[in-house]
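# Observations on chain architecture
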Amino acid sequence: MSIGIPKEHLFIVDSDGRRIDTEELVNSFPDSDPRVLLNDEIGKLLYVADLDLYFVTPRPNGDQIRQKLKEIGLPRLGTELKRHQ
């Protein structure tokens with residue numbers, strides 16, 4: 001059985017455990033930055049593997065699972081639109 005987790009309970013942290021605002025992080029890099037992998041009408045995608053950022057998923061027992069991020073995307077449109085390459 002799977003338990004749904006509200007979006008506000010999912011977050012990104014740095015190596016020290018401080019929360020990172022995804023939108024603020026993505027928008028802090030100009031399009032000319034080599035870290036920007038993609039920026040089009042669908043969204044913006046950043047390479048962040050070297051920044052030691054982690055996606056945190058809380059567990060029902062209070063523990064957290066941290067997964068190292070390689071990319072962070074910020075969609076401009078709804079989630080139903082997919083990019084095919």
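The present account deals with the structure reproduced in this document. Since this is a predicted model, take the numbers as computed values, not measurements. (Residues numbered from 1 in each chain as written. Predicted model: local features only at pLDDT ≥ 70, side-chain atom pairs only at ≥ 80, totals over all residues. Heavy atoms only, no water.)

Another aspect to go through is the pattern of salt bridges. Enumeration over the complete set of coordinates arrives at 5 salt bridges. Arg18 is the salt-bridge partner of Asp16, the closest N and O atoms lying 3.2 Å from each other. Asp50 serves as the salt-bridge partner of Arg35, at 2.8 Å between the closest nitrogen and oxygen. In this pair, Arg35 sits in the loop between helix 1 (22–27) and strand 3 (36–39) while Asp50 sits in the loop between strand 4 (43–47) and strand 5 (54–58), placing the two residues 15 residues apart along the sequence. The network of salt bridges with common partners includes Asp14, Asp16 and Arg18. (Salt bridge = Lys/Arg side-chain N within 4 Å of Asp/Glu carboxyl O. Helix = DSSP H or I, 4+ residues; strand = E, 2+ residues; numbered from the N terminus.)

Time to look at the side chain of Asp14. Of note, Asp14 is situated in the loop between strand 1 (11–13) and strand 2 (19–20). Residue classification places Asp14 among the buried positions, given a relative accessible area of 11%. For Asp14, the side chain forms a polar contact with the main-chain nitrogen of Asp16, separated by 3.0 Å. From its side chain, Asp14 meets the backbone nitrogen of Arg18 in a polar contact 2.9 Å long. When sequence neighbours within four positions are dropped, the list of residues in contact with Asp14 reads Ile20, Asp52, Leu53, Tyr54 and Arg66. (Buried < 20%, exposed > 50% of the residue type's maximum accessible area, 1.4 Å probe, protein only. Polar contact = N/O pair within 3.5 Å; in protein donor to acceptor, adjacent residues only side chain to side chain. Contact = heavy atoms within 4.5 Å.)

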